[in-house]
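Secondary and tertiary structure notes
Residues per chain are reported as follows:
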Amino acid sequence: MDETVLWKLSYGMYALCADDNGRPVGCIVNTASQITSVNPIIAVSVNKNNYTYGVIGKTKKFALSILSEETPAAAIGVLGYQSGKNTNKFEKVAYRLEQGLPILEEAICGWLICDVLSIVDCETHGIVLARVSAAENGTAGQPMTYKYFHEVIKGKAPKNAPTYREEKPAAEAPKYVCSVCGYIYEGDIAREPDTYVCPICNAPKSAFARK
Ligand SMILES: Cc1cc2nc3c(=O)[nH]c(=O)nc-3n(C[C@H](O)[C@H](O)[C@H](O)COP(=O)(O)O)c2cc1C
């Protein structure tokens, strides 16, 4: 079987957010899709190790912000590469509450509020099936696709993402890889100031290793 065929599946980019007893939590997902049209049901694949997964399992409610091409990469960095287990992500990401659930404040195409109907066990992940109870358009233009995230922002999916790809070492150099998010810096990173941080996840220059 040639699993690289799976790389040709298309996705969007979303912030899946929930309320953890008054504390906003959330993570990035690319695996949201609409399942039915009347009283719409959507599905999201969430890794069981994600803190957000446990909160949604308990509260049975979540908000989904639809990211746009203008959504700051730093917000994706915080939500997609750190865990709410040990960080208050929303100290670094602008948000507002809608029905008590966090919606990203900056540059989103819209949002949905959803009530969980059931969670289908899929080994490492759970497929969260949920009914959309409220929805509104945002002001930002183009929805961000997963392809755009990879090719324009040059981000990588972390291990918890269902679409994670194991990288083979590149033959040519010099490239430096961020040990936190996998962002590739091309060129001589030594020339960057010591204050340089990863444009995706804000990790310090010391987190980069020669690929
Ligand atoms: C581009 C991208 C796509 C991702 N897609 C998913 C996904 O579809 N499902 C998932 O469970 N995690 C996905 N992740 C990983 C989670 O966002 C990440 O593990 C996050 O740190 C979990 O945070 P939490 O522990 O606070 O919930 C994705 C991350 C990125 C950057």
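Scroll up a little and you will see the structure.
Residues numbered from 1 in each chain as written. Predicted model: local features only at pLDDT ≥ 70, side-chain atom pairs only at ≥ 80, totals over all residues. Heavy atoms only, no water.

Moving on to the overall build of the protein. In terms of regular secondary structure, the protein is built from three helices and 12 strands. Over its C-alpha trace the protein gives a radius of gyration of 17 Å, about what one expects of a compact globule, namely 17 Å for 211 residues. Across the 211 residues that make up the protein, the buried fraction comes to 43%. The long-range share in the protein, meaning contacts at least 24 apart out of those at least 6 apart in sequence, stands at 62%. Carbon and sulfur atoms form 52% of the exposed surface of the protein, whose accessible area is close to 11,300 Å². A distance of 4 Å separates the average location of the 22 positive side-chain charges in the protein from that of its 22 negative side-chain charges. (Helix = DSSP H or I, 4+ residues; strand = E, 2+ residues; numbered from the N terminus. Rg over C-alpha atoms; globule rule 2.2 N^0.38 Å. Buried < 20%, exposed > 50% of the residue type's maximum accessible area, 1.4 Å probe, protein only. Contact = heavy atoms within 4.5 Å. Areas by Shrake-Rupley, 256 points an atom, 1.4 Å probe, with all protein chains shown as cover. Lys, Arg positive; Asp, Glu negative; His and termini not counted. Charge placed at Lys NZ, Arg CZ, Asp CG, Glu CD.)

Judged by how many residues are buried, strand β2 (residues 23-29) sits mostly within the fold: six of seven residues are covered. In the sheet, strand β1 (residues 14-20) pairs with β2 via seven bridges, with the strands oriented antiparallel. Of the residues in β2, the one forming a bridge with A18 is V25. Between the antiparallel neighbours β1 and β2 lie two residues, among them N21 with a positive phi of about 55°. (Pairing = 2+ DSSP bridges.)

By the element assignment, R131 lies in strand β9 (residues 125-137). Residue classification places R131 among the partly exposed residues on the basis of a relative accessible area of 32%. With 116 residues separating them in the primary sequence, R131 and A15 have C-alpha atoms 17 Å apart. Once residues within four sequence positions are removed from consideration, R131 is found in contact with V38, N39, P40, I41, I113, C114, D115 and L117.

We now examine helix α1 (residues 51-59). For α1, every residue scored as buried is listed here: T52, Y53, V55 and I56. Angular distribution of buried residues about the axis of α1 spans 165°; they occupy a single face of the element. Elements in contact with the buried residues of α1: β1, β2, β4 (41-47), β5 (61-67), β8 (108-122) and β9. One or two steps after α1, the chain reaches K60, where phi turns positive at roughly 60°. (Arc of directions from axis to C-beta.)

On to the nonpolar core. Judged by nonpolar contacts, the single largest core of 39 residues is most densely connected at L67, Y183, C198 and F208. At the level of secondary structure, the elements contributing two or more residues to this core comprise β1, β5, α2 (73-81), β7 (101-104), β8, α3 (146-151) and β10 (175-178). In terms of residue count, α2 provides more of this core than any other element does, five residues in total. Here this core spans two domains, and each of domain 1 (10-151) and domain 2 (175-210) adds at least three residues to it. Residues V29, V55, L112 and V132 belong to the second largest nonpolar core, which totals 21 residues. (Core = buried A, V, L, I, M, F, W, Y, C linked by side-chain atoms within 4.5 Å. Domains from an automatic or database assignment.)

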